[in-house]
Amino acid sequence: MGLTFFLVFTDAWERIPSQVAQTLARTQFVPSIVAHVAGAGLAIGAGFILLATLLWGRVYCSVLCPLGLYQDFIWWLRKKVRSAGRLPFMKEVRALRWSVLVVSLAGTLVSGGMALAWFDPYSLFGRISSTVFRDAVIRLSNSLAPLMAQTGLPGWYHTEPVWQWTAATVCTLILLLLVTALAVWRGRLYCNTVCPVGTLLGWLANGARWQLRLQSTRCHKCARCLEACRAQCIDLRKQKVDFSRCVLCLDCLAICPEQGFQFARVGTLFRSARGTESETIPNPGRRSFLWTFLSGLGARIVTGPSLFAEASGSKESDTADLVAAGPIASLPITPPGSKGVHHFLRHCTACGLCVTACPTRVLEPAGLQFGLIAFLRPRMNYHRSYCNFDCHRCGKVCPTGAIHALPLAEKQLTKVGEAILKLDLCVVVRQGTDCAACSEHCPTQAVTTKPYRDQLRVPELHPSLCIGCGACEYACPVRPERAITVQGFVHHGKAERRVDTPPPVRPPADFPF
Amino acid sequence: MKTRRAFIKTSLAAGAALSFHGLERLFAEQTRSETSATQPSGPSAAQTLLVAVRDGERAVMLNRALAELGGIQAFVKPGQRVLIKPNIGWDVPPERGANTHPELVARLVELCFEAGAKSVSVFDNTVDEWRRAYESSGIEAAAKQRGATMVNGKDESLYRNVTVPGGVTLKETQVHRLYLDSDVVINVPVLKTHGGTRITACLKNLMGVVWDRRFFHRTDLHQCIADFLTVRKPDLNILDAYHPMVRNGPRGRSPEDCVQMRTLLVSTDPVAVDAAGAKLLNFEPDQVAHIPAAAKLGVGIADLDQLDVRRIRMS
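Residues numbered from 1 in each chain as written. Chains lettered and ligands numbered in written order. Predicted model: local features only at pLDDT ≥ 70, side-chain atom pairs only at ≥ 80, totals over all residues.

1. Description of the interface of chain B and chain A
- The interface of chain B with chain A comprises 48 residues on the first partner and 37 residues on the second.
- Those elements that place two or more of their residues in the side of chain B that touches chain A are helix H1 (2-27), strand S1 (49-54), helix H4 (130-136), helix H8 (213-218), helix H9 (221-228), helix H10 (270-280) and strand S12 (308-313) of chain B.
- Here the element with the most residues in the side of chain B that touches chain A is H1 of chain B; it accounts for 4 residues.
- Residue composition of the side of chain B that touches chain A, grouped by class: 15 nonpolar, 15 polar and 18 charged. (Contact = placed C-beta atoms within 7 Å. Helix = DSSP H or I, 4+ residues; strand = E, 2+ residues; numbered from the N terminus. Nonpolar A, V, L, I, M, F, W, Y, C, P; charged D, E, K, R; others polar.)

Next up, the structure:
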């Protein structure tokens, strides 16, 4: 599973079908819930995860979460290199766990997916992979390319590395180093002290039907289990397992020479053995949580997506009144299907799946363009590339509904911004030589050329046709400031479609020469 | 005021040119029909040949035109490595006329292998995303099916810096090594209008073997295009004017931007082909500034009167 996620996020050739990538991401807890709220899909993935947690504990953390699996990989490597020894039981840092969860949830209520995104393990893993790991995979693939060409294996081609030295990439690298260092030092420390999903699922796991328990009658406190446990959740003194922090690796089951650990149904084995245990049997709070969740799911099925869409839509239009209509120079441009900055930022968890999927690589994690809170959310960088007219992969992979999967015809009329032409900077005006790089690239004929002095042709802008794809800005050869730039729209609009008249040239009946 | 007047004048002139076009034809020399084309077809002593074929299917016209030039064997010898350079600039299907038609490329690949070519490579430094353009254009499938190799045009490590021997403006540039190292280079552009350079044909198509096109655009585009020919002239130039794009070029918006002309121009001289191509789109060669610029550098002939033009009708 971890390998699958790794492959999806490091897809150097953008080959993995978008449907596969999206479906895989929807198995994740946070994207599944955000998609539900965004009206982009039902929270089936999250439903299964909650159900599984109430039955067996943190199954998600054990087999589904890509960040968890990455930490397991690092932990495994570390043990290969040098034995970690015995990690002593660590007391739960409850204050930190719950404050991260509360801040994340509160932030989510106020500003949507943004707050959750910081600590959501799936998004964190995606963000790291799509920037750091993908670059490494591309470089490796490129270094193999000449060899592959010699051996005659067709279709192995060079592709541009994605790493650039920006604040966004450096911060992503630091995040990776932090997560890795934590994993080397203390295994699943992140999952047990920081991760908000881990905290929530851990709370539910305390009431799981089947739980891992240490039988005090068998335990001789040999502490072999402490060598295996990556979660530091076995308290040998009290001979108890903190099941809220157990990530279900089940290594202790195998390593214990006395078979002291048992994964058994709560309430049959333990209630009779130890009366006190019955206190932690599934309690009403956890049950009701699941029921609330399921009824939310039901309501969504009954009402359809409109309920949530309208609710979020009205909020967005409130904020829209504050901003003047029309293009804004400093506004980062969000991909078509994201409806505008507000919708996009409310639902994007910055997992970077669209960044990996984008074949032109116009999508990249933003620096501070959206402001500090939306750091690392993808934006379209027209100095790097432009949005391909006949492509809408980003909408097809987005698991959260931040970028809706528009039909191609609709995408081709979606106005994410508008070009601004500064003729005084244009090559044709300044140097008196032809250029037309902008009009050449324009897919909608929003930039054409018209006659100018001395037989030259100068660009002419038709703003109503412009969809803001950035092809003109990308192509413009003028530096440092480009003569044509695209400015973002707070709310994406709709471009006009040019009406075609029959072509002006009739085919000659004979050779014209 | 002045520009408006100039604009009206230009439009009037263009209108007049269009309306007189038919009249002009009445006085034009009678074109060679397929039957009369069996006249001596060996290369005439000094004059460059320009073969213009019309009213046939692409592959058939190609066969016919090459027969006039001594067959593909005159250009491709057994064991040689051939580069075919079509226009694959855009991520659009063949009917849009923005890229060279895959049928033409396919036939050309076949011919090269029939002549004993050791390898046939095809590439373009595309404008749109290259893998999508290769696929949508139909060229990748057509070429691969006939045994050609599609090469990555977006890999800077495959480009080499060269000096431009006769360059007026362009002194050095990075060129794809296949263009420099192949034994035979066959230039197969599609004829289109172009918002900046008026038309795009043989000379403009060669910008697709150059890495840094922005330098061309900001430093006298026409002169750079002409200068580049002094690096190496393609050995054979085949212009696909079957369904040329007559407006909204070079990308176009729909198949309605094209008209059916069913014409193919072939010559060893890319300048000559472009001069004739310009005429097909109602431009005088002099209006397309890189054509006279190239002629001035002595890399080709823009004056059609100085050429041995073979006009062939297939029907």
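2. Looking at the packing of helix H2 (residues 58-68) of chain B against helix H3 (residues 102-114) of chain B
Residue and element names in this part refer to chain B.
- Running from N to C, H2 and H3 cross one another at 45°; their axes reach a closest spacing of 8 Å. Our classification of the angle between H2 and H3 gives oblique. As H2 packs across H3, the resulting crossing turns out to be right-handed. Residues Arg58, Ala59 and Leu62 of H2 lie in contact with H3, whose contacting residues are Glu103, Leu104, Arg107 and Leu108. (Axes fitted to C-alpha atoms, helices over the stretch in contact; angles between N-to-C directions. Parallel < 35°, antiparallel > 145°, perpendicular 65-115°, else oblique. Left-handed = near helix turned anticlockwise from the far one by under 90°.)

3. So, the environment of glycine 395 of chain A
- Along the polypeptide, glycine 395 of chain A turns up in helix H20 (residues 393-397).
- Residues glycine 395 of chain A and arginine 230 of chain A lie 165 residues apart in sequence; the distance between their C-alpha atoms is 38 Å.

4. Topic: the environment of serine 267 of chain B
Residue and element names in this part refer to chain B.
- Position of serine 267 relative to the elements: it lies in strand S11 (residues 263-267).
- Judged by the 29 C-beta atoms lying within 10 Å of it, serine 267 is buried.
- Spatially, the C-alpha atoms of serine 267 and leucine 236 are 6.1 Å apart, while their sequence positions differ by 31 residues.
- Residues within four places of serine 267 in sequence aside, it is in contact with Thr48, Leu49, Leu50, Val51, Asn237, Ala272 and Val273. (Buried ≥ 20, exposed ≤ 12 C-beta atoms within 10 Å, placed from the backbone.)

5. Comments concerning unusual backbone geometry
- Omega for the peptide link from arginine 479 of chain A to proline 480 of chain A comes to 0°, which places this bond in the cis form.
- Omega for the peptide link from glycine 249 of chain B to proline 250 of chain B comes to 5°, which places this bond in the cis form.
- Mapped onto the elements, proline 250 of chain B comes out in the loop between strand S10 (236-245) and S11.
- The backbone phi angle of arginine 361 of chain A is positive, close to 60°, even though this residue is not glycine.
- By secondary structure assignment, the location of arginine 361 of chain A is in the loop between helix H19 (353-357) and strand S5 (363-365).
- The exposure class assigned to arginine 361 of chain A is partly exposed, which follows from the 16 C-beta atoms found within 10 Å.
- For alanine 436 of chain A, which is not a glycine, the phi torsion comes out positive at approximately 60°.
- With respect to the helices and strands, the residue alanine 436 of chain A is situated in the loop between helix H22 (427-431) and helix H23 (437-441).

6. Things to note about the nonpolar core
- If you look at the biggest cluster of nonpolar residues, it comprises 222 residues, and the most contacted ones within it are Cys354 of chain A together with Leu50, Ile84, Val105, Leu108, Ile186 and Leu264 of chain B.
- The residues contacting leucine 108 of chain B, other than those within four sequence positions of it, are Leu62, Ile84, Ile186 and Val188 of chain B. (Core = buried A, V, L, I, M, F, W, Y, C linked by C-beta atoms within 7 Å.)

7. A word on the confidence of the model for chain A
Residues and elements named next belong to chain A.
- For chain A, per-residue confidence averages 84 on the pLDDT scale, and residues scoring 70 or more make up 85% of the total.
- Helix H24 (residues 471-475) holds the highest mean pLDDT among the elements of chain A, 97, whereas helix H17 (residues 306-322) holds the lowest, 38.
- Across residues 268-282 the pLDDT falls below 50, and counting only partners more than four positions away or on other chains, this stretch makes 13 contacts in the model. (pLDDT = per-residue confidence, 0-100.)

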